[in-house]
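Overview (structure and organization)
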Amino acid sequence: MKKTLYGIPNCDTVKKARTWLAEHGHDFEFHDFKKQGLSRELAVGWLEQLDWEVLVNRKGMTWRNLPDERKAAITDKAAALELMLENPSVIKRPVLEGAGPLNVGFSADQYARLFAEAA
């Protein structure tokens, strides 16, 4: 299955994930949210696999810069979907698809386990 890494290129965690994948010989496509956007179908699919609270990064600058009333309105999957579509930078990065279950975030140990299970 084709592997796709979703994120933004200047994110340090995305850079680490891209480096790890390349160094370990894993072919993948990089999808830049800033340039390529996020389709509703893709976001809906992710929300069918993972809880919205896993996908929405409430520790990042994008979330912190939202008005308090906007943050308070994000209480369920539907509201999270609209926020993710309006501002894909609010999604916790990177998102890796095609290497087993949908994976969010990065650590070398996490990816090593993920690819060992997928093998």
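Just above sits the structure.
The structure contained in this document is the topic of the report that follows. Each chain carries its own residue numbering, running from 1 in the written order of its sequence. Reporting in this predicted model follows two pLDDT cut-offs: at least 70 for local features of residues, and 80 or more for side-chain atom pairs to be given and counted; totals over whole chains, interfaces and linings ignore these cut-offs and use all residues. In computing side-chain properties, one takes all heavy atoms of the structure into account and sets aside hydrogens as well as water.

**A few points about the sheet that holds strand β4 (residues 103–104)**
A sheet is described by the order of its strands in space; here 4 strands give the open sequence β2-β1-β3-β4, paired in mixed fashion. Two strands in the sheet have a free side with no partner beyond their single neighbour: β2 (29–32) and β4. One bridge is not enough; two strands pair if DSSP finds at least two bridges between them. Labels follow the DSSP assignment, with helices taken as runs of H or I lasting at least four residues and strands as runs of E lasting at least two, numbered in each case from the N terminus. Relative to β4, strand β3 (residues 95–97) runs antiparallel, the two being bridged by 2 bridges. Paired with L96 across the two strands is N103, which belongs to β4. Note on contacts: a residue pair qualifies if any of its non-hydrogen atoms lie within 4.5 Å across the two residues. Helix axes are fitted to C-alpha atoms over the stretch in contact, other axes to C-alpha atoms as well, and angles between N-to-C directions run from 0 to 180 degrees. On top of the sheet, helix α1 (residues 12–23) reaches β1 (4–7), β2 and β3; it is set at about 165 degrees to β1, its chief contact.

**Some remarks on the pattern of salt bridges**
Take a side-chain nitrogen of Lys or Arg and a carboxyl oxygen of Asp or Glu: if they are within 4 Å of each other, that pair is a salt bridge. Considering all chains together, one arrives at 5 salt bridges under this definition. Of the charged contacts, one joins K2 and E29 as a salt bridge, the two residues approaching to 3.4 Å between their closest N and O atoms. Of the two residues, K2 is situated in the segment before β1 and E29 in strand β2; the sequence distance between them amounts to 27 residues. Working definition: with a 1.4 Å probe on protein chains only, accessible area under 20% of the residue-type maximum means buried, over 50% means exposed, and in between means partly exposed. We classify E29 as partly exposed; its relative accessible area is 37%. With a shortest N-O distance of 2.9 Å, E86 and R70 are connected by a salt bridge. Placement of E86 in helix α7 (residues 77–86) and of R70 in helix α6 (residues 68–72) is noted, with a sequence separation of 16 residues between them. By relative accessible area, R70 is classed as partly exposed at 23%.

**Observations regarding the nonpolar core**
Among the nonpolar cores identified, the biggest contains 37 residues, and W46, M84 and Y111 are the most heavily contacted of them. Considering each element in turn, this core owes the most residues, 5 residues, to α7. If sequence neighbours within four positions are ignored, Y111 has contacts with L5, A17, W20, L21, P94, L96, N103, G105 and F106. For the purposes of this section, nonpolar cores are sets of buried Ala, Val, Leu, Ile, Met, Phe, Trp, Tyr and Cys residues that join through side-chain atoms within 4.5 Å.

**Some thoughts on the packing of helix α3 (residues 40–49) against α7**
Taken N-terminus to C-terminus, the directions of α3 and α7 make an angle of 140 degrees; their axes are 10 Å apart at the nearest point. Comparing the axis directions of α3 and α7 gives the class oblique. Regarding α3 and α7, the two cross each other, and that crossing is right-handed. On α7, the residues that touch R40, A43, V44, W46 and L47 of α3 are K77, L81, E82, M84 and L85. Note that Gly is not counted as nonpolar here; it falls among the polar residues with everything else outside the nonpolar set of Ala, Val, Leu, Ile, Met, Phe, Trp, Tyr, Cys and Pro and the charged set of Asp, Glu, Lys and Arg. Residues that form the contact of α3 with α7 fall into these classes: 7 nonpolar, no polar and 3 charged. When an angle is under 35 degrees it counts as roughly parallel; over 145 it counts as roughly antiparallel; between 65 and 115 it counts as roughly perpendicular; any other value is oblique. For a crossing to be left-handed, the near helix must be turned anticlockwise from the far one by less than a right angle; the clockwise case is right-handed.

This is a description of form; function is not addressed.
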